[in-house]
There are 4 protein chains.
Amino acid sequence: MSPTPPRPRSGNRRDEAARDAVLHAADDLLAEKGFGALTIEAIAREAGVAKQTIYRWWPSKVEILLDTLVEDAERQLPVPTDKATAASIRTYLRKFARFVTHDAAGKVLLALLAEAQHDPETATRMHQRYLGPRRRQELELLKGAIDAGEIAPRLGPDAAMDALIGPIVYRALTGASIPRGFVDALVEDVLRPRTG
Amino acid sequence: MSPTPPRPRSGNRRDEAARDAVLHAADDLLAEKGFGALTIEAIAREAGVAKQTIYRWWPSKVEILLDTLVEDAERQLPVPTDKATAASIRTYLRKFARFVTHDAAGKVLLALLAEAQHDPETATRMHQRYLGPRRRQELELLKGAIDAGEIAPRLGPDAAMDALIGPIVYRALTGASIPRGFVDALVEDVLRPRTG
Amino acid sequence: MSPTPPRPRSGNRRDEAARDAVLHAADDLLAEKGFGALTIEAIAREAGVAKQTIYRWWPSKVEILLDTLVEDAERQLPVPTDKATAASIRTYLRKFARFVTHDAAGKVLLALLAEAQHDPETATRMHQRYLGPRRRQELELLKGAIDAGEIAPRLGPDAAMDALIGPIVYRALTGASIPRGFVDALVEDVLRPRTG
Amino acid sequence: MSPTPPRPRSGNRRDEAARDAVLHAADDLLAEKGFGALTIEAIAREAGVAKQTIYRWWPSKVEILLDTLVEDAERQLPVPTDKATAASIRTYLRKFARFVTHDAAGKVLLALLAEAQHDPETATRMHQRYLGPRRRQELELLKGAIDAGEIAPRLGPDAAMDALIGPIVYRALTGASIPRGFVDALVEDVLRPRTG
DNA sequence: TCTTAATCGAGACGGTACGTCGCGTCTTGCA
DNA sequence: TGCAAGACGCGACGTACCGTCTCGATTAAGA
C-alpha cells in the first residue's frame, strides 16, 4: 500500500551530519570571529571535517552561507502569503528589521550582501538563491495589498519595496539601530495605507 | 598593466608622486579587476612602488580607499551648505544616486561599506572619515530646511536621512538602477515638502 | 586509456578478471606514464575496478608490481638449472641484460629496486619474493659451474654474482645501454672460464 | 690594493642561514625518517623555514638533495687527479664503497639514483650535476693509468668504470655489505693491473 | 529453493602534502 | 630619511591521493 517506497539513497551517499557540521561551523565562525576568520580551513577545522568534503559539496564559502541564509530566512522570516494587508506588511518589515539587526542569521545576509560587492559571482548567486525568490514573494504581497485597496504607494511595487527595505538594511550596514517607530513611519510614508 | 615609466627618486621627503601613483593604482584596480584583485602587492606592482612605501604611509588598503573616497566625494558630491531648501536636498540626492551608481568613486563607497561588514576596524574608520562628517553636514541641511518650514518629515532628521539614502544605496548594492522619479518620490514621501 | 568494456560481475569468489585488469593496468601505467602516475586511484580507474578491490587483495602497489615481476621474470628469464656451464651463464646474463634494458617487465624490476631505497618494507618484500629466490638459483648455477671446473672466479659465488649483475643493473639504472661484448668481457674477467 | 671589492650583495639578498638549514634538514630527515618522510613541508618544518623560501630557491626536493650530494661528494670523495696509478684507483674505489654503504651522504646518492628511476627529470639533472662530471674525472684517471701502463682493462674505460662501480652500487642498493677484498678483487679482475 | 556470505563498482570520508599567492616585516644600497 | 627591490615566516588557497568505510547489486555455496 505504501506508494513507491522512496529509496532515494543508493550506494555511497552524502553524510548529512557532515553537512550540518559545516553549516553550523560557518555560522558560528561568522558570528564569533567575523568574516575575516571565515576560511575554508577554519570551517573544516571547526566542523571536524576534511577540507575536501567541503569542496565536494560547495564551490565556495559563499554557497555555504547561502545555504544557511536560505534555510534560516525561510524558517524565521517567511513572507506572509495569505493576507495581504497593510498590517501584515508592517509585521513582516518589523520582523525583517529584527532579523537583520539582532539575529545571527541576519549577519549572514549582511555579509553576503557585502561580499556581493567584492565578487560578481556572489552577486549573481545571491540574486538567484535569495534576493530574487524573496523579492517575488514580497511583490506578490505588495500587489495584493494594492489591489485590495489597503495601500497606495506613490512608487511602483519594486521601487516601493526598496524604499522600505533599503533604509532598514542601510541602518544595519552602518551599525545603526532601528529606532522604535521607524518601520511604522516608513510604511506610513511610502505605502500610504488607507487603513490600520 | 601600464608599466609606468620610472619616476625620479625623491630623497628624504615624502614622495608625492608615489602617493598619487598608489591612489590611482588602487582606484584603477578596483574599477578594472574588482575588489578581489585589490591586493597591496598588486597596487605596488601597478603603481611601480615598493610595498614598504605603501605600508609606511597607509595602515591598510582600506585607508587608501578612504583617501580616494574622501577626496572624490568632497569634490564631486559636496553637501549644499548655503541654501537649505527642499530643492537643494532633492538635487543633492539626485547627485548622490548618480555618484553611487555611475561614478567609479561611487564603487569605492560601496566597496568600503561592504568591507566594513567584514571587518570592524574598517567600520570604525569609515564612520570617522566618511559617514560621520558627511552625516553631520547632511543633518545641518535637513534641520535648516525643517526650520525654514520647507519640509516636514514624519521621522527625525537622522532617521529621515537614512530613509532617503538607504533605498538609493540598497538599489546600488543589489545592482538595481535608480529609475527616473525614484529620488523625487522618496523626497515627497519622506520629507513631505511644503513647496516644489 | 582503453575504457575496458564492463566485465561481468563475479559474485562470491575472487574475480580473476579483476586481478588481471589490475596487473595490466599497473604495468601499462608504469610503462606509459611512469612511476609517478602509478597511484592506486589511477590503477583502479584504468582497470575499471573499485579501489577497495585492490586493497582487498594487495597491501600496496609494490605488491602489485612484485606480482607482475615474479610472473614475468619466471616466464621470460628462467635461471638455467640443468647444465651449469660457462656458456649457459653467459646466455643467462645476456638475457638478463636484454630484460633489464629493453623489456617492459625489466622497468618493473628497476622501479622496485628504486622503491626499495625509499621504503624498507619494499626492500624486505623485494628480497623475499624476488631477489632471494632468484639469487639462490643463480648461486646453484654458479656453484655447479665451479664444481665442474668450468669457471674459477676469484670472488666467492655471491660476490661474483654481484660483480656480474651489478654492472648490468648499474648501466640500466643510469640509462646507459649495454654495449656489445660487455657481458662477455664481464664473464671473462670475473668468472675466468676455463672453456668456451 | 684589494682588486675590485667584490660587493656581490646588492639590496636584498639570499639568506645563507636558511639555505644551510634546508640542506641540513633534508639530510637529517632522509637519514632519520627515510625518503618517504622527505616532504617539502617536513623540510620546511624541520629547518624552521617557510615553504615558499624553499620553492624560491629549489624547484624540487631532488635539487636540494643534489646540492647536498655534490657538496659532500666533492669534499669527502674527490677523484684523484694527480697520480693515475692502480693504487690510487683502488683507494678511490675503497672510499667510494665506504661512502655508499656507511656514509649518510652515500644514502643521498642511492636515494637520487632511485628517484631517477621514477622521474625522468631527476634522471636528467642527476647526470648533469653528479654522474656526468664525476664520470669525466673518473675517465681521466682511468685513461691516465692505462697510458702509464699501470692497468690493462679488457673493457673500454667507460664500461670498465661501470664494471667497478656497478657491483659496489648494486650491493649497496640490495642492502648487502661490501666484503673485505671485494674491491681489490674487482680491480684485479676488471683492470688487470701490471703492478701492485 | 532459499538464505547467507563474500565480492564487486562506486564513491564519500578524515587526512596529508602539494605548489601558489598574498600578508606584513625586514634588510640593503642608492639618492 | 625615503625609496625600489625583494627575501623572509606565515597561513590559506584549491587539488590529488591516501587508506578506510559503507552502500546496494550480484552470484555461488550450503541449509
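All chains use their own residue numbering, which begins from 1 and follows the written sequence. Each chain gets a letter, beginning with A, and each ligand a number, beginning with 1, in the order they are written. Given that the model is predicted, a residue must reach a pLDDT of at least 70 before its local features are reported, and side-chain atom pairs must reach 80 or more before they are shown or counted; all residues, however, enter totals for whole chains, interfaces and linings. With hydrogens and water excluded, all non-hydrogen atoms of the structure serve as input to the side-chain values.

For chain A, an unreviewed UniProt entry supplies the name TetR/AcrR family transcriptional regulator and the organism Solirubrobacter phytolaccae.

Draft legend 1. The arrangement of the overall build of chain A in detail. Of the regular secondary structure elements, chain A holds nine helices and zero strands. Only runs of H or I of at least four residues qualify as helices and only runs of E of at least two qualify as strands under DSSP, and these elements are numbered from the N terminus. Helices (α) and strands (β) of chain A occur, in sequence order from the N terminus, as α-α-α-α-α-α-α-α-α. When the backbone C-alpha atoms are referred to their principal axes, chain A occupies close to 60 × 55 × 30 Å. For the exposure calls, accessible area comes from a 1.4 Å probe over protein chains only, and a residue counts as buried if that area is under 20% of its type's maximum, exposed if over 50%, partly exposed in between. Within chain A, the proportion of its 196 residues that are buried is 51%. The contact rule is simple, with two residues in contact once any of their heavy atoms fall within 4.5 Å. For chain A, the proportion of contacts with a sequence separation of at least 24, taken over those separated by at least 6, is 63%. Only the protein chains shown count as covering a residue, and every accessible area follows the Shrake-Rupley method with a 1.4 Å probe. Within the structure as shown, chain A displays about 9,800 Å² of accessible surface, and the carbon and sulfur contribution to it stands at 50%. Residues scored as charged are limited to Lys and Arg (positive) and Asp and Glu (negative), so that His and the chain ends carry no count. We put the charge of a Lys on NZ, of an Arg on CZ, of an Asp on CG and of a Glu on CD. Separation between the mean location of the 28 positive side-chain charges and that of the 27 negative ones in chain A comes to 1 Å.

Draft legend 2. Main features of the packing of aromatic side chains. Residues and elements named next belong to chain C. Stacked, tilted and edge-to-face are the three classes applied to pairs of Phe, Tyr and Trp rings, where Trp contributes its six-membered ring and a pair requires centres within 6.5 Å; stacked means planes under 30 degrees apart, edge-to-face means over 60, and tilted covers the rest. Applying the stated criterion across every chain, the model contains zero aromatic pairs over all chains. Charge-over-ring placement is defined geometrically: NZ (Lys) or CZ (Arg) within 6 Å of the ring centre, and within 35 degrees of the ring normal. Geometry around Trp57 places Arg14 over its ring, the cationic atom sitting 4.1 Å from the centre. When the ring centre of Phe182 is taken as reference, the NZ or CZ atom of Arg171 above it lies at 5.5 Å.

Draft legend 3. Just the UniProt feature "domain: HTH tetR-type" (unreviewed entry) in chain A, in detail. UniProt positions are given in the numbering used here, feature names are shortened, and annotations may be inferred rather than shown by experiment. Taking the UniProt record as the reference, the feature "domain: HTH tetR-type" (unreviewed entry) is found at residues 16–76 of chain A. Annotated as residues 16–76 of chain A, this span is 80% helix and 0% strand, and its ends, taken at the C-alpha atoms, are 22 Å apart.

Draft legend 4. Quick peek at the protein's contact with DNA strand E. The immediate surroundings of DNA strand E are formed by 44 residues, with A:Asn12, A:Trp57, B:Gln52, B:Tyr55 and D:Tyr55 found nearest. Definition of nearness: a residue and a molecule or strand are near each other if at least one heavy atom of the residue lies within 4 Å of the molecule or strand. Sugar and phosphate atoms constitute 61% of the interface atoms of DNA strand E, taking the interface as everything within 4 Å of the protein. Taking B:Gln52, its side chain carries an N or O atom lying 2.3 Å from a base nitrogen of DNA strand E. Elements with a minimum of two residues in the surface near DNA strand E: α3 (51–57) of chain A, α2 (40–47) and α3 (51–57) of chain B, α3 (51–57) of chain C together with α2 (40–47) and α3 (51–57) of chain D. Element by element, the count of residues in the surface near DNA strand E is highest for α3(C), at five residues. Side-chain classes are defined by residue name, with Ala, Val, Leu, Ile, Met, Phe, Trp, Tyr, Cys and Pro counting as nonpolar, Asp, Glu, Lys and Arg as charged, and the others, Gly among them, as polar. Here the residues of the surface near DNA strand E are counted per class, giving ten nonpolar, 16 polar and 18 charged. We call two N or O atoms a polar contact when they sit within 3.5 Å, provided that within protein one can donate a hydrogen and the other can accept it, with sequence-adjacent residues counted only if both atoms are side-chain atoms.

Draft legend 5. Representation of the arrangement of the chains in the model. Nothing in chain B touches chain C, and the closest approach of their C-alpha atoms is 35 Å. Separated in space, chain B and chain D share no contact, their closest pair of C-alpha atoms being 13 Å apart.

Draft legend 6. Representation of the relation of the copies chain A and chain B. When the copies are superposed, the least-squares fit takes in the C-alpha atoms of residues with a pLDDT of at least 70 in both. You can overlay chain A on chain B at an RMSD of 0.2 Å; the transform is a turn of 180 degrees with a shift of 0.0 Å along its axis. Here the symmetry operator amounts to a two-fold rotation axis. Relative to the rotation axis, the C-alpha of A:Ala114 is the closest in chain A, positioned 2.0 Å from it. Looking at chain A, 97% of its interface residues are interface residues in chain B too, so the copies touch through the same face.

Draft legend 7. Structural detail: the interface of chain D and chain C. Contacts between the two partners involve 33 residues from chain D and, on the opposite side, 32 residues from chain C. With both chains or domains summed, chain D and chain C bury close to 3,000 Å², and 64% of this area falls on carbon and sulfur atoms. Salt bridges are identified by distance alone: a Lys or Arg side-chain nitrogen within 4 Å of an Asp or Glu carboxyl oxygen. The interface formed by chain D and chain C contains six salt bridges. For C:Asp158, the salt bridge identified is with D:Arg171, shortest N-O distance 3.3 Å. The tally of links from chain D across to chain C stands at twelve residue pairs in polar contact (both at pLDDT 80 or more). By buried area we mean the combined loss of accessible area, with a 1.4 Å probe, across both parts when two parts are placed together.

Draft legend 8. The arrangement of α2(B) in detail. Residues and elements named next belong to chain B. Among the eight residues of α2, six are classified as buried, and the element is accordingly described as predominantly covered. Taken residue by residue, α2 has Ile40, Ala42, Ile43, Ala44, Glu46 and Ala47 as its buried positions. Looking one or two residues beyond α2, the residue adopting positive phi is Gly48, at roughly 65 degrees.

Draft legend 9. Quick peek at the domain arrangement of chain A. Residue and element names in this part refer to chain A. Annotation comment: domain bounds sourced from an automatic or database domain assignment. Looking at the assigned domains, one finds that chain A contains domain 1 (14–58) and domain 2 (62–191). Computed from C-alpha atoms alone, the centre-to-centre distance between domain 1 and domain 2 is 27 Å. Taken together, the contact between domain 1 and domain 2 spans eleven residues of the former and eleven residues of the latter. Interface area lost by domain 1 to domain 2 is led by Asp27, Phe35 and Trp58, which between them contribute 44%. Asp67 serves as the salt-bridge partner of Arg19, at 3.2 Å between the closest nitrogen and oxygen. On the surface where domain 1 and domain 2 come into contact, there are three residue pairs in polar contact (both at pLDDT 80 or more). Top contributing element to the side of domain 1 that touches domain 2 by residue count: helix α1 (residues 16–33), with six residues. The residue inventory of the side of domain 1 that touches domain 2, partitioned by class, reads nine nonpolar, no polar and two charged.

Draft legend 10. Up close: the relation of the copies chain D and chain C. Mapping chain D onto chain C is achieved by rotating through 180 degrees and translating by 0.1 Å along the same axis, at an RMSD of 0.2 Å. Of the interface residues in chain D, 97% have counterparts in chain C that sit at the interface too, so the contact is made through matching surfaces.

Draft legend 11. Here's a closer look at the UniProt feature "DNA-binding region" (unreviewed entry) in chain A. Annotation from UniProt places "DNA-binding region" (unreviewed entry) at residues 39–58 of chain A. Helix makes up 75% of residues 39–58 of chain A and strand 0%, with an end-to-end C-alpha separation of 13 Å.

Draft legend 12. Expanded view of the interface of chain A and chain B. Across the contact, 33 residues belong to chain A and 33 residues belong to chain B. Looking at the side of chain A facing chain B, the largest losses of area belong to A:His118, A:Tyr170 and A:Asp189, adding up to 25% of the total buried there. Where chain A packs against chain B, one counts six salt bridges. With a closest N to O distance of 2.8 Å, B:Asp189 and A:Arg154 form a salt bridge. Run the count over chain A and chain B and you get twelve residue pairs in polar contact (both at pLDDT 80 or more).

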